[in-house]
Amino acid sequence: QVQLGESGGGLVQAGGSLRLSCAASGRSFSSYVSGWFRQAPGKEREFVAAILWTGGSTYYADSVKGRFTISRDNARNTMYLQMNSLNPEDTAVYYCAARRTVGSPFRKDYDYWGQGTQVTVSS
């Protein structure tokens, strides 16, 4: 059983940056894909970014392309989301997730989820 924990959220002004971290315990991420999702109040949880653990291919939602960067550190068993040029529309609870089976990185049926970390962008 893999347990995931996010950190790095907080309050930031529009145009600022934050770096989120997701650390795995119990077991390594391993498997196939890990990624980030976010959910704002009253809205559906949406895909943000994902990375394949073999090969390192990355995927991004159109809304964050050019602003967010997903990365991983296999030795530290940690995944990151660097968020630049933040705007109020980025305000949400951000969740990291991992899936052990082959499939689309964009779908929400990941096997493991973190507890979420709040990101609030003020204007």
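Refer to the structure printed above.
Let us look at the structure shown here. Worth saying up front: this structure is predicted, and the values here are computed from it rather than measured. (Residues numbered from 1 in each chain as written. Predicted model: local features only at pLDDT ≥ 70, side-chain atom pairs only at ≥ 80, totals over all residues. Heavy atoms only, no water.)

Things to note about the overall build of the chain
Counting its regular elements, the chain contains 0 helices and 11 strands. Along the chain, from the amino end to the carboxyl end, the secondary structure elements read β-β-β-β-β-β-β-β-β-β-β. Its C-alpha atoms give the chain a radius of gyration of 13 Å, near enough to 14 Å, the size a compact globule of 123 residues would have. Referenced to the eigenvectors of the C-alpha coordinate spread, the extents of the chain come out at roughly 40 × 25 × 25 Å. Counting across all 123 residues of the chain, residues that qualify as buried make up 45%. (Helix = DSSP H or I, 4+ residues; strand = E, 2+ residues; numbered from the N terminus. Rg over C-alpha atoms; globule rule 2.2 N^0.38 Å. Buried < 20%, exposed > 50% of the residue type's maximum accessible area, 1.4 Å probe, protein only.)

Some details on the state of the cysteines
Counted under the stated rule, the structure contains 1 disulfide. Between the sulfur atoms of Cys22 and its disulfide mate Cys96 the distance is 2.1 Å. The sign of the S-S torsion, about 60°, decides the handedness of the disulfide formed by Cys22 and Cys96: right-handed. Separated by 74 residues along the polypeptide, Cys22 in strand β3 (residues 18-25) and Cys96 in strand β9 (residues 92-99) bring together distant segments of the chain. Look at Cys96 and you get buried, because its relative accessible area is 0%. (Disulfide = S-S within 2.5 Å.)

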